Each structure stands twice: as structure tokens, then as C-alpha cells.
Amino acid sequence: MDIFKIIKCDGNDCGNDVFVWKFPGEDFNTLSQLIVHESQEAVFFKDGKALDLFGAGRYTLHSQNIPLIRRLVNLPFNGESPFHCEVYFINKAVSMNLKWGTPTPLQIEDCKYHIMIPVRMFGQFAVQVEDSKKLLLKLVGTTSVFTQKTLGDYFKGILLTNIRDYVAKMLVQKQISILEIQSHLKAISNGIAEDIKNEFSIYGLKLVNFNVNEISVPEDDPSYVELKKAKSQRAKMDIIGYNYQQERMFGVLDKAAANEGTSSAVMGAGMGLGMGVNIGSAVGTAMGNGMSDLQPDSQNNNMVNIKCAQCGAQIPEGSKFCPECGAKVVAKGKILCPQCGAEIPEGAKFCLECGAKLIHTCPKCGAETVQGAKFCLECGEKLI
């Protein structure tokens with residue numbers, strides 16, 4: 001039986017990536033020297049129980065400073081007396097470079113555009129041993145070496161579940177699109193840290209910090225490509241100064257102008273003249289005149305005229321566009337969504353197609369306000 005007189009953990013045994021290291025010997029005597037470096041703690045085990053704990057310093061083991069072991073092995077006060085136990089060294093320094101990442105993309109719904117997007121996330125976190133005995137008893141067990149990699153493997157499932165749930169919840173609550181998420185990494189990091197710190201505390205660990213370094217989407221993903229295309233188109237329309245309804249109308253007119261026949265010649269001329277400010281009026285008038293030339297007079301006489309909601313002109317019932325201003329004709333009891341151009345019931349508060357908000361509300365109290373009002377009728381908040 002080898003009696004170890006020096007008990008210590010050097011750098012070769014306990015590197016920066018090692019949380020727990022078990023001393024290879026298990027037989028000592030009461031005059032053995034225990035050396036515990038700064039940022040370390042040593043815990044003595046006997047019969048599977050965590051007993052005496054030593055902080056930084058040099059100790060000559062006597063029965064006086066190992067009282068819990070003495071109760072089990074009945075050590076005398078003076079002289080050498082061999083005893084059998086296990087010694088674990090715990091690294092108390094902060095471990096900064098613990099990496100995490102999603103091995104496969106997580107499917108998360110974009111809250112603004114309501115499509116599923118595959119998202120990859122990665123980052124790093126830092127932990128520190130707060131309770132050595134709790135760590136040994138609840139996580140390390142009889143493992144001789146417990147490293148950063150081992151810790152990462154243990155907590156991988158917990159981390160990914162909490163990260164996915166928090167990111168999905170924040171995107172919905174804050175109405176953040178996947179395309180805008182990079183500007184919210186700090187807030188997401190802090191929120192996830194708050195959610196998972198108790199998971200580490202259970203095992204005697206303190207979460208020092210948690211960082212989400214990047215949230216990205218595969219560039220070749222079809223859903224992501226379509227989302228970026230729609231976003232680009234929306235930006236283009238905002239810059240030029242027309243909406244989705246007008247974009248669709250222009251597309252219809254382009255196709256009509258490309259067709260052969262008398263009407264296409266008129267439409268083509270209208271599209272050419274429409275490059276000026278009065279594009280809607282010029283094209284609409286040309287289309288109306290051209291189409292009326294092709295219809296029998298008896299049919300024109302039987303048509304019932306209705307009034308255009310945009311310019312007030314009399315137009316034949318059943319027309320889809322006003323011949324005077326080119327505005328789309330909306331069925332009775334319907335209105336057009338200003339966001340996507342879809343027809344929706346009059347009085348609706350949200351568009352049934354794109355979900356756009358159709359009513360004006362007070363930014364202070366949330367009460368519905370009249371369009372063009374200067375003050376809120378409920379709280380008096382200035383609106384303009």
C-alpha cells in the first residue's frame with residue numbers, strides 16, 4: 001500500500017478546461033501535506049460521503065483539521081495514522097470559453113410574414129463553480145475528470161430547449177421578423193441567461209454570462225429567399241410611392257398592352273403616355289374609350305352607371321377599373337386594404353388577407369380615433 005505524503009493538483013493535471021480532478025491516490029496519513037492553489041478547493045470523500053473541504057493554502061493533515069474524517073476512522077490526536085479516502089480538486093476559476101450551437105436548424109415561424117424559417121444559432125457562455133460539494137454529488141459523481149466538454153454535453157439539451165423557446169416567444173411578443181433579429185441579440189442573450197441560470201444553480205454552478213453571437217438563416221433556403229424578395233419589393237414600392245394594389249394594376253395593364261388587337265394598341269399608347277404624373281387617368285381613359293368602341297351601342301344603352309369612389313365619375317356597372325382615374329372599382333359594402341389591395345368587408349378592423357390594421361388608434365390610450373382627428377376623444381392626446 002502506497003502512502004501519499006503530498007496531495008496536490010498541478011497545472012499538468014488541472015488545466016483551464018478541467019472543472020474537477022480526482023487525486024489518483026487514496027491512502028494517506030495524518031502528517032501528509034495538502035496543497036490547494038488559489039482558485040481551487042479540495043474535498044475529501046469517505047465511503048461515498050463528501051466530508052472535509054479545504055480552500056487555498058498548505059495544510060499538514062492532523063485529526064484537528066479533518067474532524068469529519070476523524071469521526072469515521074477514529075484518528076488519534078498525535079502521531080501518524082494511515083487512513084483511506086478520496087480527494088477531489090475543484091477548479092473555482094471562471095470558465096469563459098464554453099461554446100454552444102444548434103447542430104441542425106430550428107424551425108421558427110416569422111411573426112410578421114407567418115412562414116416557417118430554419119434558423120441556426122450559436123454563441124458562448126461562462127460558468128463558475130459556486131458549491132463544490134453540490135457539483136460533486138449531483139453532477140460529477142465518481143468521474144475522475146470532469147471537463148468543459150463534459151459539461152457542454154450534459155447541458156446541451158437544456159440549453160437548446162430553453163434557447164428555442166425563448167427566441168420563438170420573443171419574436172411573437174415583440175413582433176420581430178427574422179430579417180430584423182440581428183439587432184436584438186443583446187436583449188435575447190440577457191433573456192435566455194435569466195431563464196437558464198437556475199438550471200446551473202441546481203448543480204452548484206453559477207452562470208456568469210451568456211451570449212448569442214449570431215442567429216442566421218441558410219441563404220439558399222426557399223422560404224428565406226422568398227421572404228427577402230418580398231421585403232425588397234416592399235422597400236421598392238415605398239421608395240417609388242405606390243402600394244401593392246397599384247402594383248397589381250400596373251401589371252394587368254402591362255399584360256393587356258402586350259396582347260394583339262385593337263384594344264392592345266390603345267392600351268399600349270396609354271402605357272406610353274402614362275409615364276407622366278397622370279398615369280392612372282390617361283391609362284384608365286384610354287382603356288375605357290377603347291373598350292367602349294368595341295361594344296354594341298345597344299349594350300351601352302342598357303348599362304347602369306355607378307359612381308367611382310375615387311374621383312366621382314360615372315362608370316358602367318360591372319367595370320373593374322374607373323375609366324377616368326384608373327382606380328379599382330370596389331363592390332358595394334367592400335373596401336380595399338391599403339396594405340395588400342384585397343377586398344374586405346366595410347367596417348372591418350383588420351385585413352382578412354394580410355392582417356394589416358385598418359383603424360386608427362390613440363398611441364397613448366389605444367382608443368379608436370377618427371382619421372384626420374387632431375386630438376384623441378378619450379384622453380385628449382395630440383395626434384397630429
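Right, let's walk through the structure included here. (Residues numbered from 1 in each chain as written. Predicted model: local features only at pLDDT ≥ 70, side-chain atom pairs only at ≥ 80, totals over all residues. Heavy atoms only, no water.)

## Overview of the environment of alanine 193
Turning to step 1, where the next piece is worked out: Checked against the element boundaries, alanine 193 lands in helix α4 (residues 185-201).
Turning to step 2, where the next piece is worked out: On the basis of relative accessible area, alanine 193 is assigned to the buried category, the value being 18%. (Helix = DSSP H or I, 4+ residues; strand = E, 2+ residues; numbered from the N terminus. Buried < 20%, exposed > 50% of the residue type's maximum accessible area, 1.4 Å probe, protein only.)

## Describing helix α3 (residues 148-173)
Turning to step 1, where the next piece is worked out: The axis of α3 is deflected most strongly, by about 50°, at phenylalanine 155.
Turning to step 2, where the next piece is worked out: Taken as a whole, α3 has its buried residues at Gln148, Leu151, Phe155, Leu159, Leu160, Asn162, Ile163, Tyr166, Val167, Met170 and Leu171.
Turning to step 3, where the next piece is worked out: Backbone geometry just downstream of α3 places glutamine 175 in the positive-phi region, at approximately 55°. (Bend = angle between axes of the 7 residues up to and from the residue.)

## Concerning the pairing of strand β8 (residues 86-91)
Turning to step 1, where the next piece is worked out: Of all 6 residues in β8, 5 are buried; the element is thus mostly enclosed.
Turning to step 2, where the next piece is worked out: Both strand β2 (residues 18-22) and β8 contribute to a ladder of 3 bridges, which runs antiparallel. Each residue of the ladder has a partner; that of tryptophan 21, found in β8, is phenylalanine 89.
Turning to step 3, where the next piece is worked out: Judged from the 6 bridges that link them, strand β4 (residues 40-46) and β8 form a sheet pairing that is antiparallel. Bridge assignment links phenylalanine 44 to a residue of β8, and that residue is valine 87. (Pairing = 2+ DSSP bridges.)

## Digging into the pattern of salt bridges
Proximity of charged atoms lets side chains of opposite charge pair with each other.
Turning to step 1, where the next piece is worked out: Per the counting criterion, the structure on display carries 7 salt bridges.
Turning to step 2, where the next piece is worked out: One salt bridge connects aspartate 10 with lysine 8, and the closest N-O pair in it is separated by 3.7 Å.
Turning to step 3, where the next piece is worked out: Accessibility expressed as a relative area gives 31% for aspartate 10, which makes it partly exposed.
Turning to step 4, where the next piece is worked out: Its salt-bridge partner being arginine 164, residue aspartate 165 comes within 4.0 Å of it at the nearest N-O pair.
Turning to step 5, where the next piece is worked out: Within this structure, Lys22, Glu26 and Glu86 form a network of salt bridges that share partners. (Salt bridge = Lys/Arg side-chain N within 4 Å of Asp/Glu carboxyl O.)

## Details of the packing of α3 against α4
The packing of two helices is summarised by the inter-axis angle and the distance between the axes.
Turning to step 1, where the next piece is worked out: Packing of α3 against α4 leaves a shortest axis separation of 10 Å and a crossing angle of 140°. Classed by the angle they form, the pair α3 and α4 counts as oblique. By crossing handedness, the relation of α3 to α4 is classed as right-handed. Contacts from Phe155, Ile158, Leu159, Asn162, Ile163, Tyr166, Val167, Lys169 and Met170 in α3 reach Ala187, Ile188, Gly191, Ile192, Asp195, Ile196, Glu199 and Phe200 in α4. (Axes fitted to C-alpha atoms, helices over the stretch in contact; angles between N-to-C directions. Parallel < 35°, antiparallel > 145°, perpendicular 65-115°, else oblique. Left-handed = near helix turned anticlockwise from the far one by under 90°. Contact = heavy atoms within 4.5 Å.)

## Quick notes on unusual backbone geometry
Turning to step 1, where the next piece is worked out: The residue serine 39 is not glycine, and still its phi comes out positive at about 65°.
Turning to step 2, where the next piece is worked out: Note on placement: serine 39 falls in the loop between β3 (27-36) and β4.

## A few points about the pairing of strand β11 (residues 116-129)
Turning to step 1, where the next piece is worked out: In the sheet, strand β9 (residues 95-101) pairs with β11 via 5 bridges, with the strands oriented antiparallel. Bridge pairing in β11 places tryptophan 100 opposite glycine 123.
Turning to step 2, where the next piece is worked out: Inspection of the sheet shows strand β10 (residues 106-109) paired to β11 by 4 bridges, in the antiparallel sense. Each residue of the ladder has a partner; that of isoleucine 108, found in β11, is isoleucine 117.
Turning to step 3, where the next piece is worked out: Hairpin connection of β10 to β11: 6 residues between the antiparallel strands, including histidine 114 at a positive phi of 55°.
Turning to step 4, where the next piece is worked out: In this structure, β11 lies alongside strand β13 (residues 205-216), joined through 10 bridges in antiparallel fashion. Its bridge partner lying in β13, valine 127 is registered against leucine 207.

## Some details on the side chain of threonine 147
Turning to step 1, where the next piece is worked out: Within the secondary structure, threonine 147 sits in strand β12 (residues 145-147).
Turning to step 2, where the next piece is worked out: By relative accessible area, which is 17% here, threonine 147 ends up buried.
Turning to step 3, where the next piece is worked out: Once residues lying within four places of it in the same chain are set aside, the contact partners of threonine 147 are Asp17, Val18 and Phe19.

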